Amino acid sequence: MLRRIRKDYFRTQCQRFLSSSRKLDTENIYDVEDGPLETIVPPRQAKVVVCGGGVMGASVVYHLAKLGWGAETVLIEQNRVGGGTTWHSSGLIGVFKPSLAQVTLTKSSVELYKHLESKGLATGWKQCGSLNLARTRDRMTVFRRMKAQSVSWQIDCELLSPQECKEKCPLVNVDDLVGGLWIPGDGVGDPYETCMSVAGEAKKMGVKIVENCTVTKIHQNNGKVSGVETDLGPIDCEYFVNCAGFWARGVGQLSEPYVKVPLHAVEHYYLHTKPIPGLDSMTPVVRDQDGHIYFRENKGRLLAGGFEPVAKPAFEDGRIPASSKERYLPEDWDHFHILLEQLLHRVPHLGSAVLDRLCNGPEAFSPDCKWIVGEAPEIRNYLVAAGMKTVGVSAAGGVGKLTTEIIVNGETTFDIYELEVSRFLGLHNNRKFLRDRVKEVPGLHYGLCYPFHEFSTGRNLRMSPVYPKLREAGAVFGQVMGYERPAWFDTEHALEGDPQDWSTPSRMAYTNTFGKPPWFENVAAEYAACRESVGISDYSSFTKIDLWSKGNEVVSALQFLCSNDVDVPIGSIIHTGMQNKYGGYENDCSLARLSENHYMMIAPTIQQTRCKVWLQKHLPPTVTISDVTSMFTALAIMGPFTRTLLSELTDTDLRPKNFPFFTFKMLDVGLANGIRTMNLTHTGELGYVMYIPNEFALHVYSSLIQAGEKYGIKHAGYYATRALRVEKFYAFWGQDLDTRTTPLECGRVWRVKFDKGVDFIGRDALLRQREEGVKRMYIQLILNDHCHETELWPWGGEPIYRNGKYVGMSTTTGYGFTFKKQVCLGFVENYGKNGERLRVTNDYILGGDYEVDIAGIRYHAKVNVHSPILPTKYPDKERDVYQATRDKHDDNVVVKAVK
């Protein structure tokens, strides 16, 4: 009752000052555009054109100028520099981010702002620290995991009791808190001041800044940027950088072909008070994520805001006004009350403060709540730096530098695959999809994200033809690249939901814990079927690409692209990496040679756009590529009885002598024909993956289910196949493998054919590494003293200790149903006395005592450097011959790969 009275009281105060604050608000907002604009005609030629004069665009041109490109760089801004979202941002700069790439970029931003301040240039940088509050045990678990992970990411932080939280910030009510996390290196900045400072410095170094100029067209020639049209005239250029903020999606549509920049604006609120007497200027940033709110000190006032669980899309028609006056949105107190109530609860002093204004400034979010950077897949030399989700100043320094590295050097100094614009498909850029998705995306910013988080909007977009049958069988669906993929099966609730409702899955995957998950028993049964009887799984989401040529050009091209030898007999399957010049993985795939000059490539689902870009960059025009992902339904059957089962449905002799492991055949299955069948399962289990033309999919699926009944066939979801892979020490692209991880580091040197007679990308780097030795090594750790029933689970990102000293972190984790223990995969390093990286050998790995830190508790672990051979009722020599990680006969030289 008291809380309600306080809320009503404060809201009444807000209304009292509303009329005057509106006048004050508009005066403050519009002064970034007032005054006469000097008309500057853009040059007719430049090397780089940057679109967008916010803090991001200003950072890009500043870093280009620092590298000597200032005189060849033009910044185009449709109004005034700093007049987009820069003027109304909160200015929060928090170093802890969801991924190492974002942490690295934010640290780079902080370094830049400190440097500028040392030169007397205003950025508003103030290292006041941040206080993060926990109301629940699960939130405190997140903080404990962050504290453990801080060792890996080199972030200073401290866990606090509720009373210690009060000491850090006396303003906060701590009665309902469990604890907190203090990050002293965090702070705040002024996006507008930063923007003007870096833009001014860039101008001094020769950058041409053209305000009141609108980009109307981006031209390309032979797939590369060739020029830009503006309302003040054309500019010939070699590079174009889209830093247009929430206009970035629209700017992406100014080229042919369109460049996908999936962003959508939502209403975002900032509450400003009048000056508060005695307010400490070093008041920390306070984040109460369970209440969806934050506040900070701002020039003697409080600035408060938040990320409500259900956001309100703005400019749903896709037309975003250019000027602040037209773009300014009216305050919506009914929508803001969720945050207001939490603010009043957390900061009781706010009830007696005097309101200045409630600002409703739109902000743009991507569909997965991550930044969007990198080169566009549609046009070469077209770069994107947008979607910073209200923390543009936090990202700007680092992303500006990174974008410049791509332009000047053609690459970045560290892996950023999870932020690259090439992670999207066309469906992600659909305006209606974005409108629905951004209702839930902002809430994730402060949400309690449990492992394997799933979005609830934008569902049932891509579905295999067997989707209805899987739903009937009790599938609980996850989504990847828009594809509905069974995560696990729950037969007890198979008929729940409206059978006629196809707008969303009848059941969506969830975990909602950091301990033993609710799906554990279901996945255990599916895992057992794949190992000891027959499991059937839908692999349809896998990326599938056909490559062919009239002559042998496709063979020569793939030999150059792949580190393994692809010139194998027809019907063979090769597992290979596609390395970059550093030897890192640009792609990890299987290639089946269908005919003399025709291959089928199977790659990770998340690589569908990315791997095509890599191929298109390097394949000659005489090689044709076709994305056939949506043409085939992929069904995998796994287990010791799969050969017997499939033999009942086909006339082809499936005995190993005729159809050996890691080979391909075109089969008739049931009454269907033309089934591309591969004798492998990507899990290490016996079985087959059938790539079925969609029109035959239901028939083949039904035939398998009917014939498999006597063998105990059971549906298996992604979590079960993932568990199989983790236990057998299989590396995952995007988790274990990335653009800076080499085959020598992850135990796949036997898949690299240095002596295949032709050069390939990355060969020199890998030869150097083979000579010098690796500085990190991929290992498997089996936790010995962990209770999976009662203790917190490892979910990835856990620090690894050797003899009590930090040496690395886990990348992929899972429960080993055969080991009956937790399994952690990850990389370890060897640090010298002065922190230098030393060579890592098998002796170093095997000679240590290991521990894994799960939220502050260390568990002893047994280390493996080879894929284990797991006990089974039905041992098979053919299966056991294939080792996913390291050949046991020789760890240090290239050995013969299984083909």
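All figures in this text were calculated on a predicted structure; none of them were measured in a lab.

1. Side note on unusual backbone geometry
- The omega angle of the peptide bond from Glu256 to Pro257 is 5°, so this bond is cis rather than trans.
- Inspection of the secondary structure puts Pro257 in the loop between helix H8 (248–252) and strand S13 (264–266).
- Residues other than glycine seldom take positive phi values, yet Phe315 does so here, at roughly 50°.
- Structurally, Phe315 is set in the loop between strand S17 (301–306) and helix H9 (324–327).
- A positive phi angle, near 60°, is found at Phe452, a position not held by glycine.
- Relative to the assigned elements, Phe452 resides in the loop between helix H13 (441–446) and helix H14 (467–472).
- Owing to a relative accessible area of 26%, Phe452 belongs among the partly exposed residues under this scheme.

2. A few points about the pairing of strand S16 (residues 293–298)
- Summarising burial for S16: six of the six residues are buried, a large majority.
- Of the two faces of S16, the one carrying Ile293, Phe295 and Glu297 and the one carrying Tyr294, Arg296 and Asn298 are both buried.
- Here three bridges tie strand S15 (residues 285–288) to S16, and the two strands are oriented antiparallel to one another. Considered in S16, the bridge of Val286 is made with Phe295.

3. Brief notes about the sheet that holds S16
- Read from one edge of the open sheet, eight strands run S5-S6-S4-S15-S16-S17-S14-S18, paired in mixed fashion. For this open sheet the edge positions go to strand S5 (158–160) and strand S18 (355–360), each flanked by a neighbour on one side alone. Across the sheet, the mean angle separating the axes of adjacent strands is 20° when strand polarity is ignored.
- With four bridges connecting them, strand S4 (residues 130–134) and S15 associate as parallel partners. By the bridge assignment for S15, Asn132 is matched with Arg287.
- Sheet strands in contact with helix H5 (residues 137–153) are S4, S5 and strand S6 (179–183), and its direction is about 140° off that of S4.
- Packing of helix H10 (residues 333–346) onto the sheet brings it into contact with S4, strand S14 (269–273), S15, S16, S17 and S18, and relative to S16 it is tilted by some 70°.

4. A word on helix H21 (residues 763–772)
- Within the sequence span of H21, burial applies to Ala765, Leu766 and Gln769. Relative to the axis of H21, the buried residues are bounded by an arc of 95° and lie together on one face.
- Tucked into the core, H21 has its buried residues touching strand S26 (573–579).
- Looking one or two residues beyond H21, the residue adopting positive phi is Gly773, at roughly 95°.

5. A word on the packing of helix H15 (residues 520–532) against helix H20 (residues 718–727)
- Put simply, H15 and H20 touch, their axes get as near as 8 Å, and they point 65° apart. As H15 runs across H20, the sense of the crossing is right-handed. Between H15 and H20, the contacting residues are Val523, Glu526, Tyr527, Cys530 and Arg531 on the first element and Tyr719, Ala720, Ala723, Leu724 and Glu727 on the second.
- Of the residues belonging to the contact of H15 with H20, the class tally is seven nonpolar, no polar and three charged.

6. Observations regarding the state of the cysteines
- Applying the stated criterion to the full structure yields zero disulfides.
- No disulfide involves Cys213; its sulfur sits 9.0 Å from that of Cys51, the nearest cysteine.
- This cysteine, Cys611, is not joined by any disulfide, and Cys589 carries the nearest cysteine sulfur, 7.8 Å off.
- Overall, the relative accessible area of 0% leaves Cys611 in the buried class.

7. Some words on the sheet that holds strand S11 (residues 233–236)
- Taken in spatial order, the three strands line up as S9-S10-S11 in an open sheet, and their pairing is antiparallel. Only two strands of the sheet have a single neighbouring strand rather than two, namely strand S9 (215–221) and S11. Within this sheet the neighbouring strands show an average axis-to-axis angle of 20°, counted without direction.
- In the sheet, S9 pairs with strand S10 (residues 224–230) via six bridges, with the strands oriented antiparallel. The residue of S10 that forms the bridge with Lys217 is Glu229.

Thresholds applied
Residues numbered from 1 in each chain as written. Predicted model: local features only at pLDDT ≥ 70, side-chain atom pairs only at ≥ 80, totals over all residues. Heavy atoms only, no water. Helix = DSSP H or I, 4+ residues; strand = E, 2+ residues; numbered from the N terminus. Buried < 20%, exposed > 50% of the residue type's maximum accessible area, 1.4 Å probe, protein only. Pairing = 2+ DSSP bridges. Axes fitted to C-alpha atoms, helices over the stretch in contact; angles between N-to-C directions. Contact = heavy atoms within 4.5 Å. Arc of directions from axis to C-beta. Left-handed = near helix turned anticlockwise from the far one by under 90°. Nonpolar A, V, L, I, M, F, W, Y, C, P; charged D, E, K, R; others polar. Disulfide = S-S within 2.5 Å.

As far as function goes, none of this settles anything; it's purely spatial.
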